[in-house]
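# Inside the fold
Here are the chains, one letter per residue:
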Amino acid sequence: LYDINRSNRIHVFSAKEAGALPDKNAISYTAMSLLNYYTPGMQNLPWCEVEQSARVVRGKYLLFITTSTIYAGGAHSLYGVTHTIYDLAKGGQVIMPDLTEGYWWWTLRRNLYKRCHQQLDDLFAIHKLEDMPRPSTYELTDKGVVFVFEPYEVAPGVVGTVTVEFSDVELKQMGVPITW
């Protein structure tokens, strides 16, 4: 956010908040103000950790990432990742299209299956294409999209989160509508 001028911040925040927002504190302020989709106080629970980061993508979007880890007993924690994208020029949240719905899903699914199999080799836990799950979430990058599978979705928990990236060109070749 250091490179965003005051007028863009007025679109994201109110004019009063933007005027009182020092450049050096912009990212911290953004991280704190965008927690509204969490249950109030959740991040204060002793068995819950919340990590946040924000970065500008493609020079015009603010990608806000929240990762939460909740330990509720047992051998493993529960993980969750939320990606929220804001258009810095227009000032609103960008609703990404559901890339796992539509006529292109089978081609995308086949390519996700192949990439996961290449990356994970023997640790890949999906044995048939039709068992390939939809990604938990996906994240816009400077050159394409990263699809995210949470632990245990496509591999043993020891592997952790599995990510697969496709460029915009590759996605277009699969028939995925690119609207960003």
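Provided above is the structure to which this section pertains.
Residues numbered from 1 in each chain as written. Predicted model: local features only at pLDDT ≥ 70, side-chain atom pairs only at ≥ 80, totals over all residues. Heavy atoms only, no water.

## Regarding the overall build of the protein chain
For the record, the criterion: Only runs of H or I of at least four residues qualify as helices and only runs of E of at least two qualify as strands under DSSP, and these elements are numbered from the N terminus. Only protein chains enter the accessibility calculation, which uses a 1.4 Å probe; a residue whose area is less than 20% of its type maximum is buried, one above 50% is exposed, and one in between is partly exposed. For this analysis, residues touch if any pair of their heavy atoms sits within 4.5 Å. All accessibility values rest on the Shrake-Rupley procedure with a 1.4 Å probe; residue burial counts only the protein chains present in the view.
A tally of regular secondary structure across the protein chain gives five helices and seven strands. Its helices and strands taken in sequence order, the protein chain reads α-α-α-β-β-β-β-α-β-β-β-α from the N to the C terminus. The burial tally for the protein chain puts 38% of its 180 residues in the buried class. For the protein chain, restricting intrachain contacts to residue pairs at least 6 apart in sequence, the fraction spanning at least 24 positions comes to 47%. Accessible area of the protein chain: about 10,300 Å², with a carbon and sulfur share of 53%.

## Points about the side chain of aspartate 87
What counts is decided by this rule: In summary, the charge assignment counts Lys and Arg as positive and Asp and Glu as negative, without counting His or the chain termini. What makes a salt bridge here is a side-chain nitrogen of Lys or Arg within 4 Å of a carboxyl oxygen of Asp or Glu, nothing more. For this analysis, a polar contact is any N or O atom pair within 3.5 Å, provided that within protein one partner can donate a hydrogen and the other can accept it, and provided that sequence-adjacent residues contribute only side-chain to side-chain pairs.
Examined against the element boundaries, aspartate 87 turns out to sit in strand β3 (residues 78-87). Buried charged residue aspartate 87 carries no salt bridge. Nearest counter-charge: lysine 90, at 4.4 Å. Polar side-chain contacts of aspartate 87 include one of 2.9 Å to the backbone nitrogen of alanine 89. When sequence neighbours within four positions are dropped, the list of residues in contact with aspartate 87 reads Lys60, Tyr61, Gly92 and Val94.

## Brief notes about the side chain of arginine 109
Mapped onto the elements of the fold, arginine 109 is located in helix α4 (residues 105-120). The charged side chain of arginine 109 is buried without a salt bridge, its nearest counter-charge being aspartate 131 at 6.6 Å. In contact with arginine 109, not counting residues within four places along its chain, are Leu129, Glu130, Asp131 and Met132.

## Here we look at the pairing of strand β6 (residues 144-149)
Here is the rule: In this analysis, strands are considered paired if DSSP registers two or more bridges between them.
By the criterion of burial, β6 is predominantly enclosed, with six of the six residues buried. The hairpin turn running from strand β5 (residues 137-140) into β6, its antiparallel successor, is three residues long. Pairing analysis gives six bridges linking β6 to strand β7 (residues 162-167), with the strands arranged antiparallel. In the strand pairing of β7, glycine 144 is matched with serine 167.

## Things to note about the pattern of salt bridges
Applying the stated criterion across every chain, the model contains four salt bridges. Glutamate 101 serves as the salt-bridge partner of arginine 134, at 3.9 Å between the closest nitrogen and oxygen. Placement of the pair is arginine 134 in the loop between α4 and β5 and glutamate 101 in the loop between β4 (93-94) and α4, with a sequence separation of 33 residues. For arginine 134, a relative accessible area of 38% gives the class partly exposed. Its relative accessible area of 42% is what places glutamate 101 among the partly exposed residues. Close ionic contact of glutamate 170 with arginine 115 constitutes a salt bridge, the shortest N to O distance being 2.5 Å. With glutamate 170 in helix α5 (residues 168-173) and arginine 115 in helix α4, this pair connects stretches of sequence that are 55 residues apart.

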